Amino acid sequence: MAAWNRRSSSGSDEPGVHHDHELGKEEYQAHTSYAPAVEGSVEEPHSHTKLHRGLEARHITMIAIGGALGTGLIIGTGKALAQSGPASILISYTFVGTLVFIVMAALGEMAAWLPLGSGFAGYATRFVDPALGFALGYTYWFKYIIVTPNQLTAAALVIQYWCPPEKVNPGVFITVFFVVIVAINYFGVRFFGEFEFWLSSLKVVVIVGIILLSLVLALGGGPTHDRTGFRYYKDPGAFAPYIMDGSSGKFLGFWASMINAVFAYLGTELVGVTVGEAQNPRRTIPKAIKLTFFRIIFFYCLSVFLLGMIVPYNSDDLAFANDKSNSAAASPFVVAIKLAKIKALPGIVNACILIFVFSASNSDLYIASRTIYGLASQGKAPAILARTDNRGVPVYALGLSSCFCLLAYMNVADDSKVVFGYFVNLVTIFGILTWISILVTHIFFVRARKAQNVPRESLAYVSPLGAAGSYVALFFCVLIALTKNFSVFTHSDDYGDFDYKNFITGYLGVPLFPLMVLGWKLWHHTEMVRPETADLWSGKAEIDREEQEFLAAEAARKRVHGPTFYDRYVSWLF
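If you're wondering where the values come from, they're calculated on a predicted model, not measured in any experiment.

For the rest of this paragraph, the subject is the overall build of the chain. Looking only at helices and strands, the chain features 22 helices and zero strands. Split into buried and exposed, the 574 residues of the chain put 61% on the buried side. Residue pairs in contact within the chain that sit at least 24 positions apart in sequence constitute 79% of those at least 6 positions apart.

Cis geometry is found at the peptide bond from Asp-235 to Pro-236, where omega equals 20 degrees. Tracing the chain through its elements places Pro-236 in helix 10 (residues 231-237). Positive phi outside glycine occurs at His-225, with the angle close to 55 degrees. Mapping His-225 onto the fold places it in the loop between helix 9 (189-218) and helix 10. Judged by relative accessible area, which is 61%, His-225 ranks as exposed. We note that Asn-453 has phi near 55 degrees; this positive angle belongs to a residue other than glycine. In this structure, Asn-453 sits in the loop between helix 17 (416-451) and helix 18 (466-483). Relative accessible area serves as the criterion here: at 67%, Asn-453 is assigned to the exposed category.

The next point concerns the confidence of the model for the chain. One rule of thumb: low pLDDT means the predicted coordinates there are not for detailed reading. In the predicted model, the chain carries a mean pLDDT of 79, and the fraction of residues at 70 or more is 79%. Between the elements of the chain, mean pLDDT differs from a low of 35, seen in helix 1 (residues 25-32), to a high of 95, seen in helix 18. Between residues 1-46, whose pLDDT stays under 50, and residues either more than four places distant or in other chains, the model counts 125 contacts.

Membership of the largest hydrophobic core comes to 161 residues, with the highest contact counts inside it found for Tyr-93 and Trp-435. Looking at this core element by element, the count peaks at 18 residues for helix 7 (residues 130-159).

Right, let's get into the packing of aromatic side chains. One pass over the full model with this rule turns up 28 aromatic pairs. Their ring planes at 75 degrees and their centres at 6.1 Å tell us that Phe-195 and Phe-358 sit as a pair that is edge-to-face. A residue pair is termed long-range when its members are at least 10 positions apart, and Phe-195 in helix 9 and Phe-358 in helix 15 (residues 345-377) qualify at 163 residues. With 5.2 Å between their ring centres and 80 degrees between their planes, Phe-475 and Phe-476 make a pair best called edge-to-face. For Phe-475, a relative accessible area of 53% translates into the label exposed. Here the aromatic residues Phe-134, Tyr-138, Trp-141, Phe-142, Phe-404, Phe-430 and Trp-520 are joined through ring pairs into a cluster of three or more. Across the ring face of Tyr-232, the terminal group of Arg-231 is positioned such that the distance to the ring centre comes to 6.0 Å. Across the ring face of Phe-444, the terminal group of Arg-447 is positioned such that the distance to the ring centre comes to 4.8 Å.

The rules behind the values
- Residues numbered from 1 in each chain as written.
- Predicted model: local features only at pLDDT ≥ 70, side-chain atom pairs only at ≥ 80, totals over all residues.
- Heavy atoms only, no water.
- Helix = DSSP H or I, 4+ residues; strand = E, 2+ residues; numbered from the N terminus.
- Buried < 20%, exposed > 50% of the residue type's maximum accessible area, 1.4 Å probe, protein only.
- Contact = heavy atoms within 4.5 Å.
- pLDDT = per-residue confidence, 0-100.
- Core = buried A, V, L, I, M, F, W, Y, C linked by side-chain atoms within 4.5 Å.
- Phe/Tyr/Trp six-rings, centres within 6.5 Å; stacked < 30°, edge-to-face > 60°.
- Lys NZ or Arg CZ within 6 Å of the ring centre and 35° of its normal.

This is the structure in structure tokens:
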């Protein structure tokens, strides 16, 4: 294949190809944005297909945090609470959070060993089978070219809190947000990283404020001075029946909350796509992965725990919000504020939701462009999509991914909202398939490093639960994927006959994924990678050299200028 005969984004994605050439002074500084010069060297021949390592440690950290804080947390929890009850969402968000951490730890182990610009697809190609890399790459790209326009639509709908569609067509706001996020992504990775850093920082402040407010309301600190405590765990109850009554209904409600939790956590893995543009990725990526555990506990588990104390699952306001899941009323935290009779705050929280949605759409477009770029760099997409400009921006990949944002205009008409909801359903199965593929790839990676006698001590980061943890997480991810849309198989007065539309959109990815694997495998006659011959080394020498040069440059900078304000006063928080 063409993929094995040329250099990829990160140095070398291809087995058996090593590049130890030196880069020219200006060229190397342009491509790393931090490394010192090497005099008397030649220019790199493939600079027009290389990303720039412009994301600093603080950028990676905050992008990792921002990826975990989206509409799934601040809006999707309302649907979960209404369907399942407070105890169900607490258990499910904690359990799925554990699965997410295992997925992130598995990804971190591979990314810390060999940071590839091709991301998940590159690891699957190297360690499992090029066919899996093809299917995984396109599955992930499908997810983000659908999620991005959905986020744009959500942003326009949130604005309707102040400006109803009768006054201004939602397409106007979709256009404004679309132009802004394309511009941010086009200006280069440094600008994108800086913008997302401050936006994600603001998101952290917002969610911390919401958590503190929830605690105050639960303890009776609101205007009504109603100390709810665990009242709603008793009346209406800890577990809500879903679809049917009795114990069976409560179990179905609990399992529905597992599905909602998966949707809330989707996007946490996006830090794995940033490794090709991260400075000193062997330090920054493991650091971001380790902190995922604490973010899950604080931002998700604590949020849903407090939410169950301040909003009853049978609240009329919550049911109304559930029907308008993309509007401001969709947030259960807004419902909590209304129940506490705080007048001015709902509008403020609505503005915060707008920030969440805008940030999500911005980072989603970034991930979409880098994913198709990674596929092109491996020869699995047209070569033109792997070309970058002088700032390291894959402009053609960005342009193609941006075209799919136009799907957002489907939602200008009311009747198309239902159709677009089916696309969201499709996104969830693509996200679970991505987690499954990462876990499979990690299992093969562990087998390869053991077969080639690579000691654990030589790895910058090792997954705490190892391959065993990946096996357990893999089992539950497969189970959730197969039962994701279980409601289509139930028959009740509310759901009627077989819901074939949700069945198709909910499970389309299940046959599509193996068909992509099989199709690529038959067309290119690829073979599964054997542990003894898996390529663990191509490109590693160059990345090692870049790391040493970066560390030397950082040490020199600190000797001259001292630590930055962020390093001195802020970095310890993260």
